[in-house]
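Below, each chain spelled out in residue letters.
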Amino acid sequence: MCASHCGGACLLKVHVRDGIITRIETDDGEEPQLRGCLRGRAYRQRVYAPDRLLYPLKRVGQRGEGKFERISWDEALDTTARELLRVRDTYGPASIILAQMTGDVCSLNNFGAMDRLLSMAGGYTSPWGVTSFQGGVYASLVTYGTWFCSNTRDDLLNSRLIIMWGWDPASTVTGPNTCWYLAQAREAGARIICVDPRYTDSAATFAHQWIPIRPGTDTAMLLAMAHVMIREKLHDQAFLSTYTVGFDRFSDYVMGAEDGLPKTPRWAEPITGVPAATIEQLAREYATTRPAALMTGIAPGRTAYGEQYHRAAITLAAMTGNVGVHGGDAGARAWESVMGGFPYPVNSMISAIPRVSNPVEKAFPRTAGPLFYRRPRIHFSRLADAILKGKAGGYHADYKALVVAQCNYLVQFPNSNKIARALKSLEFMVVEEQFMTPTASYADIVLPVASFMERNDLTQGVGTAYIGSMNRVIEPLGECKPPWRIAAELAERMGLDGYLDKSEEEVLEERARQNGVPDYGALKERGVYRYQLPGPFVAFKEQIEDPANHPFPTPSGKIEIYSQQWEELGIEGLPPLPRYFESWEGRSDPLAEKYPLQLITTHFKRRALSQFENIPWLREVQEQALLMNASDAEARGIRNGDMVRVFNDRGETVIRARVTERIMPGVVDLPHGAWYAPDEKGVDRAGCANVLTSEEYSPGGSFPYNTALVQVEKLD
Ligand SMILES: Nc1nc2c(c(=O)[nH]1)N[C@H]1C(S)=C(S)[C@@H](COP(=O)(O)OP(=O)(O)OC[C@H]3O[C@@H](n4cnc5c(=O)[nH]c(N)nc54)[C@H](O)[C@@H]3O)O[C@H]1N2
Ligand SMILES: Nc1nc2c(c(=O)[nH]1)N[C@H]1C(S)=C(S)[C@@H](COP(=O)(O)OP(=O)(O)OC[C@H]3O[C@@H](n4cnc5c(=O)[nH]c(N)nc54)[C@H](O)[C@@H]3O)O[C@H]1N2
Ligand SMILES: [Mo]
């Protein structure tokens, strides 16, 4: 099973002859199928890519110069162990940072491997913030008291109206069957509306209507929709009275009783770029078509004040009585099922390797309030700043060593140019990789990682009830090792006993059992175990059907449109009610005179984040390019296919322009994930979006990857 961090987890039938993969097919069996996409089916090219890293390497040139020499595992592990111990003993364990993400969504070879090692060794600094949906995590926890707010995707078949709000599953998968159910819902007569600055593939395929909206202004539009509903008495007062607290306060804010500013569609029109009449139409449609699923994407949450968008969307879902009912949706998006939340014991993304608490984090003071809000630690987007400044910049340590695992830090995090500077200042950097990524090219030691074809694991996809087995189909290439083995062997070299006292198979079998799989052998043989649910699962159904016995897990036991707890915390930018804040680097920022275009940085169909960027078949599918509206192009003398400079004060990249009507005027899209390739002048030549994005994070921790102003010029 392939689980390449796209939210899908799909069956691959891998044909092997003499230990070599010859062909890959996918599921063609019972519905709902777990059909692999272009990436899974091109995986043979990834495994045998000519640039696969097969041996440990050590740096021989300057840091970042990319000059390496092959070394033995003994030398690689000894050097890494020695350096980590040296940094720990010289500067303290907090000087070691782990930058860890999710190469493949799996149980054994995930963040738990390095976390255990470094925690056992005395601890490390762990940056906080969920890149994907910190805004959704925050809003779900504040409003519902849990981040498990999702239905199984088959419940879309019960919807009469589906609003795809900044959500493009035709490109981003987010569940192996999402598009299949959208297609069926449409055939069954559901109306489908897309609210997005781009006319997405999902809109082109499924939607009856496209409503373009300016990035980062979604909260304003949602508030204006609430205004229409309240004004026209379309909201479900009985639902609000029974299940929520604070609607009256929200209503006062929306209607202007609180601040003298009614949040009318006319107010929202110049902010959002959506005509007032369209806002009214959507508000009426959402309030009167029952049931309706507001499928909020997480991209609008990856903006400045992105948390407020999620809180406002949840409020609208409650106002229309669509929470906890079939065909509705709670309007929140965070950990969709892969961390749990469905009615079976699933925790396959939680590490199968036992965790010990990290002494550095444990000793660290937390601010009051829910545990997820860990302000004192370094936000992941500020890591480069922390490395560059250390204690002198107000951070809690001087950072000297960086361990990078399953993460393309330099490419995927904001302000790549600054990250590059920070990496140069480190004393030691080790990277676990399959390829010589821009990040790996800065390492002192590179440790080669086996692909999932070369190791065993368990996985899960979003929205469908199953667990999958990632079976090893070939021996590891070259001297590659699975991440958990690398951590275990490092533990030995660092003199740490008891890293793991079980075999790989024992760990996985135990995890499968914990996940309710009756027969691990059968799971391995079939590749998948499907949980039998009595029907589509709907989050919060119990709370809605039997509120007396099933309170929401919030302080009040209700859906908290207004949160007393957050009133008391009084943190700027995180008010107790969903509110619209004018964002930095929005259209009204004075900076817009210099940089008039709003940049969004979407997830690309042929990549998963920055993965698969180097695969020839996939590169043929889609060219990396800047999407811009024909009117913006014309004003700059740019024609389709021209090379353009995209720039702001943080950086510059040169890339081809794709001129189209499929993106609204004033907005450009540079899909992120292209491998940072600065030339001698520091101008990126790959179309790497993060040379342009800002490390300024939102008050609730959202990464504002879709909040950045740029200018575009034709390259002379
Ligand atoms: N093929 C592929 N699939 C993937 C991934 C990948 O890289 N490639 N990545 C996976 C991962 S890790 C994640 S977190 C998810 C991400 O999934 P998403 O966050 O849903 O993906 P995006 O492409 O960033 O954005 C979805 C849509 O939101 C729109 N959008 C951007 N900003 C705004 C805004 O301010 N308002 C509104 N209304 N719309 C906006 C974009 O135009 C886009 O059409 O996808 C997963 N699936
Ligand atoms: N501008 C912009 N930037 C973004 C986003 C955005 O919307 N806009 N989205 C953000 C989001 S949602 C996310 S989740 C992050 C992701 O950020 P990352 O997780 O850093 O992105 P990946 O490209 O998946 O990098 C994983 C790296 O791990 C390597 N690797 C090492 N070991 C393994 C392994 O065992 N298996 C696999 N498969 N790979 C391994 C891969 O080769 C790859 O280089 O990016 C964020 N960055
Ligand atoms: Mo993500």
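Rules of the game
Residues numbered from 1 in each chain as written. Chains lettered and ligands numbered in written order. Predicted model: local features only at pLDDT ≥ 70, side-chain atom pairs only at ≥ 80, totals over all residues. Heavy atoms only, no water. Helix = DSSP H or I, 4+ residues; strand = E, 2+ residues; numbered from the N terminus. Rg over C-alpha atoms; globule rule 2.2 N^0.38 Å. Buried < 20%, exposed > 50% of the residue type's maximum accessible area, 1.4 Å probe, protein only. Core = buried A, V, L, I, M, F, W, Y, C linked by side-chain atoms within 4.5 Å. Contact = heavy atoms within 4.5 Å. Pairing = 2+ DSSP bridges. Axes fitted to C-alpha atoms, helices over the stretch in contact; angles between N-to-C directions. Near = heavy atom within 4 Å. Polar contact = N/O pair within 3.5 Å; in protein donor to acceptor, adjacent residues only side chain to side chain. Areas by Shrake-Rupley, 256 points an atom, 1.4 Å probe, with all protein chains shown as cover. Nonpolar A, V, L, I, M, F, W, Y, C, P; charged D, E, K, R; others polar. Left-handed = near helix turned anticlockwise from the far one by under 90°. Patch = residues over 30% accessible without salt bridge, like charges linked within 9 Å, V, L, I, M, F, W, Y side chains within 5 Å. Salt bridge = Lys/Arg side-chain N within 4 Å of Asp/Glu carboxyl O. Lys, Arg positive; Asp, Glu negative; His and termini not counted. Charge placed at Lys NZ, Arg CZ, Asp CG, Glu CD. Phe/Tyr/Trp six-rings, centres within 6.5 Å; stacked < 30°, edge-to-face > 60°.

So, about the overall build of the chain. When you go through the chain residue by residue, the secondary structure sums to 25 helices and 23 strands. Radius of gyration (C-alpha) of the chain: 25 Å, near the 27 Å computed for a compact globule of 716 residues. Out of the 716 residues in the chain, the part that is buried amounts to 64%.

Moving on, we get to the nonpolar core. Within soluble globular proteins, side chains that are nonpolar generally end up buried alongside one another. Within the largest apolar cluster, 57 residues are counted, with the highest numbers of intra-cluster contacts made by Y144, W165, M225 and Y286. In terms of residue count, helix α9 (residues 218-231) provides more of this core than any other element does, ten residues in total. In this structure M225 touches W165, I279, L282, A283, Y286 and L316, once residues within four positions along its chain are discounted.

On to the sheet that holds strand β4 (residues 68-70), then. Taking strand neighbours across the sheet as the criterion, the six strands line up as β4-β3-β13-β12-β11-β5 in an open arrangement whose pairing is mixed. The open sheet terminates on both sides in strands that have one partner only, identified here as β4 and β5 (96-100). Pairs of neighbouring strands in the sheet enclose a mean axial angle of 20°, with direction left out of account. Both strand β12 (residues 428-433) and strand β13 (residues 445-448) contribute to a ladder of four bridges, which runs parallel. Following the sheet pairing, V431 is matched in β13 by V446. Across the sheet, helix α3 (residues 73-91) lies against β3 (57-59), β5, β11 (401-405), β12 and β13, angled at about 130° from β13, the strand it touches most.

Okay, the site of ligand 1 next. Residues in contact with ligand 1 amount to 33 residues; listed here are only the nearest, T172, D196, D218, R607 and L609. The contact in question runs from a nitrogen atom of ligand 1 to an N or O atom on the backbone of C6, over 3.1 Å. Its free accessible area being 910 Å², ligand 1 has 98% of it covered by the protein chains. Broken down by class, the residue content of the shell around ligand 1 amounts to 14 nonpolar, eleven polar and eight charged.

Turning our eyes to something else, we now look at the site of ligand 2. In the vicinity of ligand 2, 27 residues are found, and the nearest of them are D104, Q412, E433, S610 and Q611. The separation between an oxygen atom of ligand 2 and a polar main-chain atom of N408 is 2.8 Å. Taking T601, its side chain carries an N or O atom lying 2.8 Å from a nitrogen atom of ligand 2. Notes on ligand 2: free accessible area 900 Å², of which the protein chains cover 99%. Taken together, the residues that form the shell around ligand 2 break down as six nonpolar, 15 polar and six charged.

So, about the side chain of Q611. Residue placement: Q611 occurs in the loop between β18 (597-600) and α24 (616-621). One polar contact links the side chain of Q611 to the main-chain carbonyl oxygen of G103, over a distance of 3.1 Å. With residues near it in sequence (within four places) discarded, Q611 still touches H5, R46, T102 and G103.

A separate point is the packing of α9 against helix α13 (residues 276-288). Relative to each other, α9 and α13 sit at 65°, their axes nearing to 9 Å. Every pair of crossing elements has a handedness; the one defined by α9 and α13 is right-handed. Residue-level contacts link M221, A224, M225, V228, M229 and R231 of α9 to I279, E280, L282, A283, R284, Y286 and A287 of α13. When its residues are assigned to classes, the contact of α9 with α13 shows ten nonpolar, no polar and three charged.

Next up on the list: a negative patch on the surface. A cluster of acidic residues, D501, E506, E509, D519 and E525, forms a negative patch on the protein surface. For E509, the position within the fold is in helix α20 (residues 504-514).

Attention shifts here to the pattern of salt bridges. Throughout the structure, instances matching the rule amount to 50 salt bridges. For D78, the salt bridge is made with R493, and the minimal N-O distance between the two is 3.1 Å. Taken together, the residues span a long stretch of sequence, with D78 in helix α3 and R493 in helix α19 (residues 483-493) at a distance of 415 residues. Among the residues examined, D78 registers a relative accessible area of 37% and is labelled partly exposed. On the basis of relative accessibility, which here comes to 32%, the residue R493 falls in the partly exposed class. The partner of E280 in a salt bridge is R284, and the shortest N-O contact between them spans 3.5 Å. A residue pair is termed a helical-turn pair when its members lie 3 or 4 positions apart in one helix, as E280 and R284 do in helix α13 at four residues. Taking relative accessible area as the criterion, R284 reaches 34% and is therefore assigned partly exposed.

What follows covers the sheet that holds strand β23 (residues 709-714). Ordered in space as β18-β22-β19-β21-β20-β23, the six strands form a closed barrel in which the pairing is mixed. Ignoring strand direction, the axes of neighbouring strands in this sheet form an average angle of 45°. Here β18 runs beside β23; their pairing, made up of two bridges, is antiparallel. From the neighbouring strand, Q598 faces β23, where its bridge partner is L709.

So, about the packing of aromatic side chains. Summed over all chains, the structure comprises 25 aromatic pairs. Ring geometry for F540 versus F552: centroids 5.1 Å apart, planes at 50°, classification tilted. Here F540, found in the loop between β16 (528-530) and α22 (541-545), pairs with F552, found in the loop between α22 and β17 (559-560); they are twelve residues apart in sequence, far enough to count as distant. Assessed through its relative accessible area of 3%, F552 is described here as buried. Of the aromatic side chains, those joined through ring pairs into one cluster are F342, Y344, Y529, Y531 and F537.

The subject of this paragraph is the pairing of strand β6 (residues 161-165). Counting buried positions along β6 gives five out of five residues, so the element sits mostly inside the fold. By the alternation rule, side chains of β6 split into L161, I163 and W165 and I162 and M164, which are all buried. As judged from the five bridges shared by β6 and strand β10 (residues 292-296), these two strands associate in the parallel manner. Its bridge partner being in β10, I163 is matched across the sheet by L294.

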